[in-house]
Amino acid sequence: MALLSNIEPEPKSKQHWVAEEAADVVVETIVERGARTIERNNLERKAYPFAAKAAENAALSYVSMCYLPAAEEPQEEGEFDLEDEPMPESTDAWARMSIQPRPQEYKTHQNSPQLSPNASRR
């Protein structure tokens, strides 16, 4: 081991640097393409179960909205009683048609002609 520690590494040539950079680019490209392939395969594997589950949830939601459960029928006759009718609220004076109109009195003027039922119309 003592012999190896005395040996100094040779300075790297320009060709050595170019080859190292090329190898770095090739390895990086292989890793990126492999990661994309793995990710695509993973998504494709999960896509069909996800779509099936989403379709199932949509169909079940639609069916549950269409067929709402009805109230259960009473078991015994004494259990079912109608609730009392609620008391009507007092009407507000601002409510439309809540105040009965007063009858209008028609006054005739002294100078206005009075029509009789037998009067002819011109």
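Look above for the structure.
Computed from a prediction, not measured in an experiment: that's the story for all the values here.

*Asks:* Lay out the overall build of the chain in plain terms, naming residues and giving numbers.
*Replies:* Summing up its helical and strand segments, the chain has two helices and zero strands in all. Looking at the chain as a whole, 0% of its 122 residues qualify as buried. Put simply, the chain shows about 13900 Å² of open surface, and 57% of that area lies on carbon and sulfur atoms.

*Asks:* Please set out a nonpolar patch on the surface residue by residue, giving values where relevant.
*Replies:* Side chains of Tyr 62, Val 63, Met 65 and Tyr 67 sit close together on the surface and give an oily, nonpolar patch of about 520 Å² of accessible area. With respect to the element layout, Tyr 62 can be found in helix H2 (residues 14–66).

*Asks:* Describe in detail H2, supporting the description with residues and values.
*Replies:* Between its first and last C-alpha, H2 extends 77 Å over 53 residues, near the 78 Å set by a 1.5 Å rise per residue. A bend of about 30° at Ala 47 is the largest found in H2, and the proline Pro 49 appears one to four places after it.

*Asks:* Run through a negative patch on the surface, naming residues and quoting values.
*Replies:* A surface patch of like charges, here negative, comprises Glu 21, Asp 24, Glu 28 and Glu 32. As for its placement among the helices and strands, Glu 21 is situated in helix H2. Residue classification places Glu 21 among the exposed residues on the basis of a relative accessible area of 56%.

So, how was this worked out
- Residues numbered from 1 in each chain as written.
- Predicted model: local features only at pLDDT ≥ 70, side-chain atom pairs only at ≥ 80, totals over all residues.
- Heavy atoms only, no water.
- Helix = DSSP H or I, 4+ residues; strand = E, 2+ residues; numbered from the N terminus.
- Buried < 20%, exposed > 50% of the residue type's maximum accessible area, 1.4 Å probe, protein only.
- Areas by Shrake-Rupley, 256 points an atom, 1.4 Å probe, with all protein chains shown as cover.
- Patch = residues over 30% accessible without salt bridge, like charges linked within 9 Å, V, L, I, M, F, W, Y side chains within 5 Å.
- Salt bridge = Lys/Arg side-chain N within 4 Å of Asp/Glu carboxyl O.
- Expected span 1.5 Å × (residues − 1).
- Bend = angle between axes of the 7 residues up to and from the residue.
- Lys, Arg positive; Asp, Glu negative; His and termini not counted.
- Charge placed at Lys NZ, Arg CZ, Asp CG, Glu CD.

No statement about biological role is implied by the geometric values presented.
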